[in-house]
2 protein chains.
Amino acid sequence: MKRIDWNALDEGARAAVLQRPVQAVSDALRAGVQAIFDDVATRGDAALREFTAKFDGVTLDDFEVGEDEFARAREQVPANVQAAIAEAASRIEAFHRAGIARPYEVETAPGLLCRRVQRPIPRVGLYVPAGSAPLPSTALMLCIPARLAGCRDVTLCTPPRKDGSADPAVLLAARQAPGVRVFKLGGAQAIAAMAQGTARVPRCDKLFGPGNAWVDEAKRQAAQRPGGIAIDMPAGPSEVLVIADRGANAAFVAADLLSQAEHGPDSQVLLLTDSAALLEAVALEVDAQLARLPRADIARRALEASRLVLVRDIEQAIAISDAYAPEHLILAVREPRAWLERIGNAGSIFLGDWTPEALGDYCSGGNHVLPTGGAARAWSGLSVASFQKAITVQEATDAGIRATGPCAAVLAHAEGLQAHARAVELRLERAA
Amino acid sequence: MKRIDWNALDEGARAAVLQRPVQAVSDALRAGVQAIFDDVATRGDAALREFTAKFDGVTLDDFEVGEDEFARAREQVPANVQAAIAEAASRIEAFHRAGIARPYEVETAPGLLCRRVQRPIPRVGLYVPAGSAPLPSTALMLCIPARLAGCRDVTLCTPPRKDGSADPAVLLAARQAPGVRVFKLGGAQAIAAMAQGTARVPRCDKLFGPGNAWVDEAKRQAAQRPGGIAIDMPAGPSEVLVIADRGANAAFVAADLLSQAEHGPDSQVLLLTDSAALLEAVALEVDAQLARLPRADIARRALEASRLVLVRDIEQAIAISDAYAPEHLILAVREPRAWLERIGNAGSIFLGDWTPEALGDYCSGGNHVLPTGGAARAWSGLSVASFQKAITVQEATDAGIRATGPCAAVLAHAEGLQAHARAVELRLERAA
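Everything quoted here is computed from the prediction, not taken from an experiment. Each chain has its residues counted from 1, following the order in which its sequence is written. Each chain takes a letter, starting from A, and each ligand takes a number, starting from 1, following the order in which they are written. Reporting of local features is limited, given that this is a predicted model, to residues whose pLDDT is at least 70; pairs of side-chain atoms are given and counted only at 80 or more, and all residues count toward the totals for whole chains, interfaces and linings. The basis for every side-chain value is the complete set of non-hydrogen atoms in the structure, without hydrogens or water.

Details of helix H13 (residues 314-324) of chain A
Residues and elements named next belong to chain A.
Alright, step 1. The buried fraction of H13 amounts to 8 of the 11 residues, a majority that puts the element mostly inside the structure.
Alright, step 2. To sort residues, take the accessible area from a 1.4 Å probe on protein chains only and compare it with the maximum for the residue type: under 20% means buried, over 50% means exposed, and anything in between is partly exposed. Numbered from the N terminus, helices here are DSSP runs of H or I no shorter than four residues, and strands are runs of E no shorter than two. Every buried residue belonging to H13 is among Ile314, Gln316, Ala317, Ile318, Ile320, Ser321, Asp322 and Tyr324, and all of these are buried.
Alright, step 3. In this description, contact between two residues means that some pair of their heavy atoms is separated by no more than 4.5 Å. If you follow the buried residues of H13, they end up packed against helix H1 (11-18), strand E9 (239-244), strand E10 (268-273), strand E12 (328-332) and helix H14 (336-340).
Alright, step 4. Count one or two residues on from H13 and you reach alanine 325, which has phi positive near 55°.

Following this line, the structure appears as structure tokens:
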């Protein structure tokens, strides 16, 4: 792991430390995804069947998971995993429910009532990758807020396994959105299906969830099309930034760095500490723990690009973190709450020694679909609001138009929009 | 204006009525914007100076509006317009302030506290078009929520006039964000500057505001770039859909249709009514009012594509409106509140005969930057939340990890992520 003394670096070298590798989309990938969109638009389910045979190695007559497969899933998932899914779901629900936005109204002038109300996005499309392992936790993070938002049509795509079935734990988790329709479709073809609709797969208004490079590019293309659909957020490799002081537990910190590193070779891992002793202790612990990990190869590759950074003090660490805007930020410092107010940019924050990031991945209650790649400057992690939109409602009485119409008319004239002014003035004449 | 009897149409013809013209981006426009991005990235302010000379016909040594120009603006704007700006600002502020999200917290398990807190997006870039007329109202709609959100750096670009000055009313409105920096830059070059930063213009994290085709395409390209920035919402021509019953005032309805039509020849105008008599009365009123409008040419072109649709009843009108998902929806019906709950998709709703859409454009208190082109299915109009993001904060005690760690570990093992499990189990061993 690369050791860096922040205060020995000039400005350019500091910027390089915080530079994420550019996730370049190759022309071949872009064209490949475009071809999949076009083919799915033209040939619909027949194209989906062919892509599934080609990419997932299985030929499916019907992509949709039926009641029998849901029933089998309940028999196949071990009881302790079922219990853990239920326990995690209850905390995710409790936290997400408490954050639901409420309508509000203000009488902004006598006789003029302004309201803001929430409405579900009618048709949402969720993607749950399988990749190196199935991710029932991601199904929970997508299905629970979709249900709480009241979305009418919830469509979930997840890649089929070689035997043509869906991962049973993912199916159990998906049922957190009771009416969910699950399709065994993966990759760009799943996104193309949900973005455009086919005879079998409903067209969606917004797409959610993580994926591989093909899925990410497909979501990007879906969002770009004219009259296109919304997507949850830009995609990128997962990241953790840990700020630790000399009181931190080196074994815990090392374990947190490794739990990020095992996601993939492109995972971003950063430690900022004001203690040279802790820095070395963490490096030793990482090596020791790495030896015992099944996914050590993946983690080792991610750690090659990781950085252990010595800083002057925690204040400096916070400033560096804010410039980086990490997806996950762990504050393994004494009095972490005192520093919280200073954090401007992060996806999700973990306070103190007893809060591993893994808790947030599964069952703290917070969502684990979070902004990466610096997007935490402008984006939020998923919440019920991600599955809703707000509508402004205005209602004036004749008194209301008398109170506010003249202001509107003056501004309309100032902007040279006489028909706007006229729509107000006509009413002012009648309301007088 | 085209008259349509909805119930005489087959499904295909109905879909055609609700079809918006595709806003095709030509290859030339796309390449032109890309070239501007590249040139601004390479040559910075020198490129901005050249584009401004070329597109706005004025050579500026300094794009930034200084204190002297702000002071002159205050002398130049008529007193009644200044008063109207202040009055509109106070209502916009009151309504937006009431909608600010508050942090909340839930103890999701004994010893585990989950919080969601808001943080301003640090650097926001606002675009206020000049086009056919300057739009101080748009400056209000962008600057007031940016201030309420607490954004640190607020940058506003607006095209220079031929004499090199900015529109004074726009400058007055911009001061609603006290520390705002205003640059006299228009078109794609303004967006390229705020998206990438130059020596003079700060790089921004999110871009807001309407614009012409060049601005829209530039925002789209800014959002697509790797490590790119956020944008407020996809762009499109402005739209109104009016639902009127036989009790509606034909002159008011016609005035509302015209106030939409005068925005531009591509404005979308739809009337749905269950009264053939009202439909004809509105058509007559439109012709009569049109003759008196200064922007009659623009409005006439928009009206050529407009549709007056006879429907069976208001319930059917609501269903059609929901399928269309209009930016502005006027409910010129008796008992409009009773219908409100039935509306699923709209940007902003205006209830009853006394609430012209123009009121929402200027001074009801609601924001006039709204989703168009059907985006109202998934997007909201601007609010303070558009200028903020939310961060989840988790804090476990040793009791908290004991209560929730086992659940996380089971799920981590189920997903084959042993390092995740290990980060939890290590703590469980020490917390025991």
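Side note on the relation of the copies chain A and chain B
Alright, step 1. The superposition of copies rests on a least-squares fit of C-alpha positions from residues with pLDDT of 70 or more in both. For the pair chain A and chain B, the relating rotation is 180°, the translation along its axis is 0.0 Å, and the fit reaches an RMSD of 0.0 Å. Within this description, the copies of the chain are treated as partners about a two-fold rotation axis.
Alright, step 2. When the interface residues of chain A are mapped onto chain B, 100% of them are again interface residues, pointing to one common binding face.

Focus on the pattern of salt bridges
Alright, step 1. Salt bridge, as used here: a side-chain nitrogen of Lys or Arg that lies within 4 Å of a carboxyl oxygen of Asp or Glu. The full count for this structure, using the stated rule, is 63 salt bridges over all chains.
Alright, step 2. What you see here is one network of salt bridges that share partners, running through Asp62, Glu64, Arg181 and Arg200 of chain A.

A closer look at the packing of aromatic side chains
Alright, step 1. The pairing test for Phe, Tyr and Trp rings, Trp by its six-membered ring, is centres within 6.5 Å, and the orientation test on the planes gives stacked under 30 degrees, edge-to-face over 60, and tilted for anything in between. What the rule picks out here adds up to 10 aromatic pairs over all chains.
Alright, step 2. Between phenylalanine 55 of chain B and tryptophan 214 of chain B, the ring centres sit 6.0 Å apart and the planes meet at 45°, which makes this aromatic pair tilted. Here phenylalanine 55 of chain B, found in helix H3 (residues 45-56), pairs with tryptophan 214 of chain B, found in helix H9 (residues 213-224); they are 159 residues apart in sequence, far enough to count as distant.
Alright, step 3. Linked through ring pairs, Phe51, Phe55 and Trp214 of chain A together constitute an aromatic cluster.
Alright, step 4. Ring-over charges, as used throughout, are those where CZ of Arg or NZ of Lys falls within 6 Å of the ring centre and within 35 degrees of the ring normal. Cation over ring: arginine 20 of chain A sits above tyrosine 324 of chain A, and NZ or CZ is 3.7 Å from the ring centre.
Alright, step 5. Here the guanidinium or amino end of arginine 175 of chain A rests over the ring plane of phenylalanine 70 of chain A, the centre of that ring lying 3.7 Å away.

Looking at the side chain of aspartate 56 of chain A
All names here are of chain A.
Alright, step 1. As for its position among the elements, aspartate 56 is in helix H3 (residues 45-56).
Alright, step 2. Working convention for charge: Lys and Arg count positive, Asp and Glu count negative, and His plus the chain ends are omitted. Buried and unpaired, aspartate 56 has no salt bridge, with lysine 162 as the nearest side chain of opposite charge at 6.4 Å.
Alright, step 3. Sequence-distant contacts of aspartate 56, that is, excluding residues within four places in its chain, are made with Phe51, Pro159, Pro160, Lys162, Gly186 and Gln189.

Things to note about empty space enclosed by the protein
Alright, step 1. Lining residues are defined by having an atom within 4 Å of a point belonging to a cavity or pocket. Those points lie on a 1 Å grid over the protein atoms alone, cavities being sets where a 1.4 Å probe fits but cannot get out and pockets being open sets with protein on both sides within 12 Å along at least five of seven lines. Grid points are joined across faces, edges and corners, and a volume is the space filled by probe spheres set on the points. The tally for this structure, following the rule as stated, stands at 2 cavities of 30 Å³ or more.
Alright, step 2. One number sums up the size of the largest cavity: a volume of about 40 Å³.
Alright, step 3. Residue lining of the largest cavity: Arg427 of chain A together with Asn249, Phe252, Val253, Asp256, Ala332, Gly352 and Asp353 of chain B, and that is the complete set.
Alright, step 4. When residues of the lining of the largest cavity are assigned to their parent elements, the largest contribution, 3 residues, is made by helix H10 (residues 250-261) of chain B.
Alright, step 5. Phe95, His96, Gly366, Asn367, Leu382 and Ser383 of chain A together with Tyr104 and Arg116 of chain B are the residues that line the second largest cavity.

Concerning the confidence of the model for chain A
Alright, step 1. Scored by pLDDT, chain A comes out at a mean of 95, with 100% of its residues at no less than 70.
Alright, step 2. With pTM at 0.97, the complex prediction returns an ipTM value of 0.96. One number per residue, pLDDT, summarises how confident the predictor is, and it ranges from 0 to 100.

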